[in-house]
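One letter stands for each residue in the lines below.
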Amino acid sequence: MTLEERNAMLGEDPEEEEENEDDDDEDEEDEEDLVDPHDTLKEKCSNSDSCKGYKDELSACTERVSSRSQTEEHCTQEFFDFLHCSDHCVSKLKIGLS
């Protein structure tokens, strides 16, 4: 049995399969354009006035630690403070959107 006979027997048209493949390519292109709304909110909150102080503290700490070759200092607390502010802002915006 040839492929054409099998397709005819099953009622399948090989040209339809090619068209479906083209549709799949278009779907993949559409998916690339999608943006996660959570990421957008997180970026907006990270740059907000309410988190600016925490962001500045984190930046200053990072620069200070990076400029030294031997230091035990780390910026964990500054990082957590900034994340807490950003996450709090995002949660307030999400509740408002619901």
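Residues numbered from 1 in each chain as written. Predicted model: local features only at pLDDT ≥ 70, side-chain atom pairs only at ≥ 80, totals over all residues. Heavy atoms only, no water.

Going by what an unreviewed UniProt entry lists, the chain is known as Cytochrome b-c1 complex subunit 6, mitochondrial-like and is assigned to Phallusia mammillata. For the record of the chain, the UniProt heading Sequence similarities (unreviewed entry) holds the text "Belongs to the UQCRH/QCR6 family." One UniProt comment on the chain, placed under Subcellular location (unreviewed entry), says "Mitochondrion inner membrane". (UniProt positions renumbered as here; feature names shortened; annotations may be inferred.)

Student: What exactly am I supposed to notice about the packing of aromatic side chains here?
Tutor: In this description, a pair of aromatic rings is defined by centroid distance and the angle of the planes. Across all of its chains, the model carries one aromatic pair by this definition. Between the aromatic rings of phenylalanine 79 and phenylalanine 80, the centroid separation amounts to 6.1 Å while the plane-to-plane angle is 45°, which identifies the pairing as tilted. On the accessibility criterion, phenylalanine 79 (39% relative accessible area) is partly exposed. (Phe/Tyr/Trp six-rings, centres within 6.5 Å; stacked < 30°, edge-to-face > 60°. Buried < 20%, exposed > 50% of the residue type's maximum accessible area, 1.4 Å probe, protein only.)

Student: Could you clarify how one ought to interpret the pattern of salt bridges in this entry?
Tutor: Two side chains carrying opposite charge are able to pair once their charged atoms lie near each other. Scanning the entire structure with this criterion turns up four salt bridges. Among the salt bridges present, the one from lysine 42 reaches aspartate 87, with a minimum N-O distance of 3.0 Å. One end of the pair, lysine 42, is in helix α3 (residues 37-46); the other, aspartate 87, is in helix α5 (residues 76-97), with 45 residues separating them in the sequence. With a shortest N-O distance of 3.0 Å, aspartate 56 and lysine 52 are connected by a salt bridge. Here the residue aspartate 56 and the residue lysine 52 both occupy positions in helix α4 (residues 49-67), the gap between them amounting to four residues, near one helical turn. By relative accessible area, which is 39% here, aspartate 56 ends up partly exposed. Within this structure, Arg64, Arg68 and Glu73 form a network of salt bridges that share partners. (Salt bridge = Lys/Arg side-chain N within 4 Å of Asp/Glu carboxyl O. Helix = DSSP H or I, 4+ residues; strand = E, 2+ residues; numbered from the N terminus.)

Student: What is the right way to read the side chain of serine 46 from this model?
Tutor: Assignment of secondary structure puts serine 46 in helix α3. We classify serine 46 as buried; its relative accessible area is 14%. Polar contacts involving the side chain of serine 46 include one to the main-chain carbonyl oxygen of lysine 42, which spans 2.8 Å. Leaving out residues up to four positions away in the same chain, serine 46 has contacts with Cys51, Lys55, Phe82 and Ser86. (Polar contact = N/O pair within 3.5 Å; in protein donor to acceptor, adjacent residues only side chain to side chain. Contact = heavy atoms within 4.5 Å.)

Student: It is not clear to me how the state of the cysteines should be interpreted in this structure. Could you clarify?
Tutor: When the sulfur atoms of two cysteines share a covalent bond, that bond is a disulfide. Following the criterion strictly, the structure yields three disulfides and no others. Two residues share a disulfide in this structure: cysteine 61 and cysteine 75, whose sulfurs sit 2.0 Å from each other. Between cysteine 61 and cysteine 75, the disulfide has an S-S torsion of -95° and is therefore left-handed. Placement of cysteine 61 in helix α4 and of cysteine 75 in the loop between α4 and α5 is noted, with a sequence separation of 14 residues between them. Residue classification places cysteine 61 among the buried positions, given a relative accessible area of 0%. (Disulfide = S-S within 2.5 Å.)

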